[in-house]
Structure formats: C-alpha cells, structure tokens
Amino acid sequence: MKKRFSSSIIIISALLIIIVCCHTKSVFAQNCSCTEYVYLNEVTNGGSIHKFAVATDGTLTEVGSPWYSSADWPAQDQMPSPHGLGYDLNGYLYIGEGFGGDIRRLTCDGEILPESDFVIREGGFNIATIGNTLYVNSYNNSGIQAFDLCTGANQGYVCLDGGDGDDWGFYVDDNGVFYATHGWSANGGNGLYVFTPTEADFTNNTCFERVMVNNVDYTDPVIGDIGIMPTHNVRGVTTDSDGNIYIVQQFDGAELTNCARIYKYSPTYELLAVSAQDCTESDGTGWYHAIGIIYSETCNCLFVSTESPLVDCVTMFNLDLTQATTAVPPTGTGQDAAKGIAIQKECCPTPANLVIDTVLCNLTYPSSIFLQDLINCDGVICGGDWDPDPNNTGFTFNSCDNSVTVSSSQACGTFTLSGPNTQCGEFSVTINIETANIDPVTASGDQTLCPTDTPAELTATTTTVNPTYQWQMSTTSCDDGWANIDGAAASTYTPTSISATTYYRVVTAVTGTCATGQCEEVSNCVTLSLGTDCTPACTNPTVTAYALAASCTNGVPNDDGYLQISAAAD
C-alpha cells in the first residue's frame, strides 16, 4: 500500500500519541488490523467485479456474489465489460466501464458513484494513483496519462519510446517507480520501461526509453541473462518486496496461440526464473492466456489472471515460479473471462473508536497533507466521511481528496473519520493536529582530558524559543548507546571526570499545546577523549639505595643524569 506522507512518524505509549518530526523515526504497533483484498474484473457475462480476501497460505475467499455486478445497479449496464483496475489512498477503486470506456469510481463496499460525482472520460489497460493523481496507460496513445482526481482534468502524458499502443502492462510501486511493458510491435519488439517521472515530465510529454528489449535473433533469454526480454508478447508487470520484477508473457500475434509463462528478473534485470509454459486450454485449469499479475505481502506469493473463460480465473505462484496452484477456478459456464487484477490492503481502526494526537514539525507553508497518512496504518481505512471541527485554525480541509492545507506553524485542528463499512462495522478515527517549528541545536565542543581533569561546561545553542533540554551520554560511539543523563535538563551541562572516551549530545524539544506530542531536534556529537600522556606525577617519594636525587620521574633520568631506581608515591 502506497503511503505518501514523507515525514517520520512516532507513536508513544498506549495513549496513541503520534509525533511527526523530521529527524526521528521509529516503528511501533499499528493503529489498525488489515486484510489484503484481490479485485478482479470479469469482462464477459454482463460485466462484474469480484473481491477476494487473501489468507496467509494464498487461499482467496470471495466477498459478495459478486462484489459488484453491473446488472444489480439501478441504472443497468454501468460496467458491461470492466477494464483497468486501480485504487487510491482513500480506498476508492477506479475501473473503466469497458474497452476504451470512461473510468468510474467505486467504494470498497462495491457502490459505484454516479458520473455527476466523478468520471474521467478516458479508458485504459491499467490504472494507478499517487496522492491526488490518477495514471492510466491509455487506449488512445502509446504512453501514460495523468488526471487530477478532484477535477478530472488531464495533466499531460509521458510517452514510451518504441511503443505503438500495445503497452498493456503498467504498475507503480510503493516508492513511486513506474513499470510499463509493451508487447510485440513494428517498432522493435517487446519492451520494459522503469522510470520515476515528475509532474514536469507529464506537462512536457517526456519520452522514456526501454531498459530491456528482446534478443535481435528472437530467441528467449536463459537464466542469468541480463537485460533481455522474452521474445513473444508481454502483458502484466509487478514487483515483490525485494524489488524483483515479474512479467507475464503471452504467445499471440504471429504464433496464433495463447501459451503463457511468467518471467522473474532481479532489480538489475538479471533473469532469475521462468515458470512452466501452459499451452493447453482444454484441460480447464492453469494459466493459459495469462494477462495480469500482482504480488501479495500476506502470502508472499503472486496471483496471475487469465483472459480465457475456460481455465482458472486466477493462478497462485510462489516467488521462484516452481509451483502454481488454482486460486480462483473457472465457473464452468465458459463466460467468466478474467482480465484486470489489483490488490489493496484495507484496514479497520483498533480500537474501533480511535483518537490520535499528532504534532507536525517544521513544515514548509503552505503544505498539503492527506489525513489518511496520519493514521499509523500500512493500508487504508476505506469508507466513512471526514468531518473537520468548525473551531480549527490554520487548516483548510479539501473534501475531494480528504487532505488538509496547512497555512501556518500555529495551526491547530481536529478531524474525525466515521463509518460504517462492511468490513469494520461502525468506527471512528479522531485526529488532533498541531503544527510547530523547532530550529537546529549545536553543542560545544570536543575536549581532550586526563582522568583527574574536570571537563569544561557543555553549552547548547539554538534559536528555538523556550525549548526543553535533555543531555545524553554514550560510551559506545556517536551513533548508538545513547542514554538520558538524570537531571541534565538545562541549556548547559558539566560532565564528570572521565576514565574512557565519552560522547555527549543534547536533545531540544517543543511541546504541543492543543495536541499531545512534541517536536525534537538532536545536536551534534561532542567527544571527550582520554589523553595519551596522563601518567600521574609522583609526590613524596621514598628513595632507595643508589638514588642520588629525590626528583621522581618514573624511571626517566633526573636532572643530574642519574637513574631513579625506585620510588613509591603517596
């Protein structure tokens, strides 16, 4: 699931306090329980969309019968042949009405929104979103187009150099990296594109080149080959949690067959594995005419959809591609051809009535923040409505994408998401938000000392108004082993004598007033080093025989040039 808020988030204690700050990051238990769901387009038999819960063993359990049916909608034939399937960070689904049809918005409960609320007049093979932008590899050109999810306005497109419109495969990973494939074409065969576009790239219609192409002699790659695509048509593409790339190959076009297999590449485009090839449709099982592919975190496995109405709708593969099992069998009617497939992690708040305090630190104003990103959850809580408190200050709520625009460092507000939805029942999530600024802090300064020396006072310097201070010490390094020093809570601190090299730093903080939490800033590391010439002087020596002088220099000749034989110091 894609998260699009870049600040670090910390949860502290059972009070469910979240601190967002630019210099600290920790991982704590989430405020939700989540289930991955596979969505599957059924393009024949009147048009339906199916939803399946994913189990850890890869078993798929259908939700609804089906989750959405065009025939059940009051206005008939809303989606007679659904094509393309994506989702956004608020849990809405985006699906085309048919081949080249308009893109519609559906809730996670299977309700299609009327066109008066949302529609994009563009069809496509596959759909993805980042923030408030929808991307689709359109039927109408050989590239990827961008649309604003609030207005539906087209924001431009990027082209795929060498593509001719046969770019069925399209996927965006959690880091915003785009993956696209195009099948066999007059412009040079198959291609894989991997790139990270900017907004300017869509405005300027930037063209991206293929990172992999097929062999010039049209032979398939073998294990260990780098940067070589399968010879025959390619379709779906996805990645796993390690960044490995999976591509669906279809034998169609000149071959006039629909044999299929799956290819696995490393992040550096080395071919790692190839599945068995399925060329048999009459057996009623398998991945003959495969087309779509997704990765599931829940089962650490792959799901592959097919276009054939006679074989399995979905096949599960393990990641080395050596084992494949039926995940969704055919219905037996010969009219249930699957096509687009997508996966979304949908969550319920825990507890069902959840309160979160959030302090946002050192934002650039104005800033736009998605409220869904302030819930500590690696999926989405879908459904329900966000309600801003009328007494909020410094925030502007944008209902079209459930974001807030923050206008000042003194902002304070409360926003509540409340349901029900089918998965969670009745729920509410209340977020108290405050913004604050904290400036950098420095500590002075490195010292070299002997064990009997008293260290100089350490001083913290910052322009932050009225921060709190906490000095910390480590005997390990500047990178770890830090512990608070009891009572060291002022802008200055005088260390005690040291017997080994010791490290110090100071943490400053400002505390929220309308939301519980604080912003922190960590200083540089100050090193107190143990000197190399710290042997104590000898006083009141006891002189043994043959010593001609009482000066004690620990075995070094005294001023008269005679050796001090022995001496015992007090």
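Residues numbered from 1 in each chain as written. Predicted model: local features only at pLDDT ≥ 70, side-chain atom pairs only at ≥ 80, totals over all residues. Heavy atoms only, no water.

### Looking at the overall build of the protein
Basically, it comes down to this: Elements are defined by DSSP. Helices are runs of H or I of four residues or more, strands are runs of E of two residues or more, and each kind is numbered from the N terminus. With a 1.4 Å probe rolled over the protein chains alone, any residue whose accessible area is under 20% of its type maximum counts as buried; one over 50% counts as exposed, and the rest are partly exposed. Residues count as neighbours in contact if any of their non-hydrogen atoms are within 4.5 Å of one another. Each accessible area is a Shrake-Rupley estimate made with a 1.4 Å probe; only the visible protein chains count as cover when residues are assessed.
Within the protein, the secondary structure is distributed over one helix and 43 strands. Of all 570 residues assigned to the protein, the portion counted as buried reaches 53%. In the protein, of all internal contacts separated by at least 6 residues, the share reaching a separation of at least 24 is 54%. A total of about 24,200 Å² of accessible surface is found on the protein, and carbon and sulfur atoms cover 50% of it.

### Concerning the nonpolar core
Nonpolar side chains in soluble globular proteins tend to end up buried together. Rule in force here: Definition of nonpolar core: a set of buried residues of the types Ala, Val, Leu, Ile, Met, Phe, Trp, Tyr and Cys, connected through side-chain atoms within 4.5 Å.
Counting residues in each nonpolar core, the largest one holds 23 residues, and the members touching the most others are I375, V429 and I433. Those elements that provide at least two residues to this core are β28 (353-361), β32 (403-406), β33 (412-418) and β34 (428-436). Setting aside residues up to four positions removed in sequence, I433 forms contacts with T358, L360, L371, L374, F395, A411, C412, G413, F415, C514 and A515.

### Remarks on the pattern of salt bridges
Which entries qualify depends on this criterion: The working definition used for a salt bridge is a side-chain nitrogen of Lys or Arg within 4 Å of a carboxyl oxygen of Asp or Glu.
Enumeration according to the criterion identifies nine salt bridges in this entry. A salt bridge links E97 to R104, with the shortest nitrogen-to-oxygen separation between them at 2.8 Å. According to the relative accessible area criterion, R104 is buried, its value standing at 2%. Put simply, R121 and E115 hold a salt bridge, and the shortest N to O gap is 3.0 Å. Assessed through its relative accessible area of 34%, E115 is described here as partly exposed. One connected set of salt bridges, linked through shared partners, spans E97, D102, R104, E115 and R121.

### Focus on the sheet that holds strand β8 (residues 103-106)
So the rule is basically this: Two strands qualify as a pair provided that DSSP identifies no fewer than 2 bridges between them. The axes used here are C-alpha line fits, helices contributing only the stretch in contact, and every angle between their N-to-C directions lies in the interval 0 to 180 degrees.
Spatial ordering of the open sheet is given by β6-β7-β8, a layout of three strands whose pairing is antiparallel. Looking along the sheet, the strands with just one partner apiece sit at the ends: β6 (83-87) and β8. Between one strand and the next, the sheet's axes are offset by a mean angle of 20 degrees, whatever the strand orientation. Relative to β8, strand β7 (residues 93-96) runs antiparallel, the two being bridged by four bridges. In the sheet register, Y94 faces β8, and the bridge partner there is R105.

### Describing the packing of aromatic side chains
Condition: Two rings from Phe, Tyr or Trp (for Trp, the six-membered ring) form a pair when their centres are within 6.5 Å of each other. A pair whose planes differ by under 30 degrees is stacked, one over 60 is edge-to-face, and the rest are tilted. The rule is short: NZ of Lys or CZ of Arg within 6 Å of the ring centre and within 35 degrees of the ring normal puts a charge over the ring.
For the coordinates displayed, the defined rule picks out 15 aromatic pairs. Both rings, one in F178 and one in F202, keep their centres 6.3 Å apart while their planes meet at 50 degrees; by these two values the pair is tilted. Residue F178 is found in strand β14 (residues 178-182), and its partner F202 is found in helix α1 (residues 199-203); the two are separated by 24 residues along the sequence. Neither F178 nor F202 differs from the other in exposure class; each is buried. In textbook terms, an aromatic cluster arises when at least three aromatic residues are bridged by ring pairs, as seen for Y135, F170, F178, F195, F202 and F208. Over the ring of F118 we find R105, and its NZ or CZ is 4.2 Å from the ring centre.

### Topic: the confidence of the model for the protein
Inclusion rule: Residue-level confidence of the predictor, termed pLDDT, takes values from 0 up to 100.
With 84% of its residues at a pLDDT of 70 or more, the protein has an overall mean of 86. Within the model, the stretch residues 1-29 combines pLDDT values under 50 with 87 contacts to residues more than four positions away or in other chains. Confidence drops under pLDDT 50 across residues 543-570; counting only partners more than four residues distant or on other chains, this segment forms 40 contacts.

### Considering the sheet that holds strand β23 (residues 290-296)
One open sheet accounts for four strands, arranged β23-β24-β25-β26; its pairing is antiparallel. Both outer strands of the open sheet, β23 and β26 (324-328), are each paired with one neighbouring strand and no more. With direction set aside, neighbouring strand axes in the sheet form an average angle of 30 degrees. Here β23 pairs with strand β24 (residues 301-306) via six bridges, running antiparallel. Paired with I293 across the bridge in β24 is V304.

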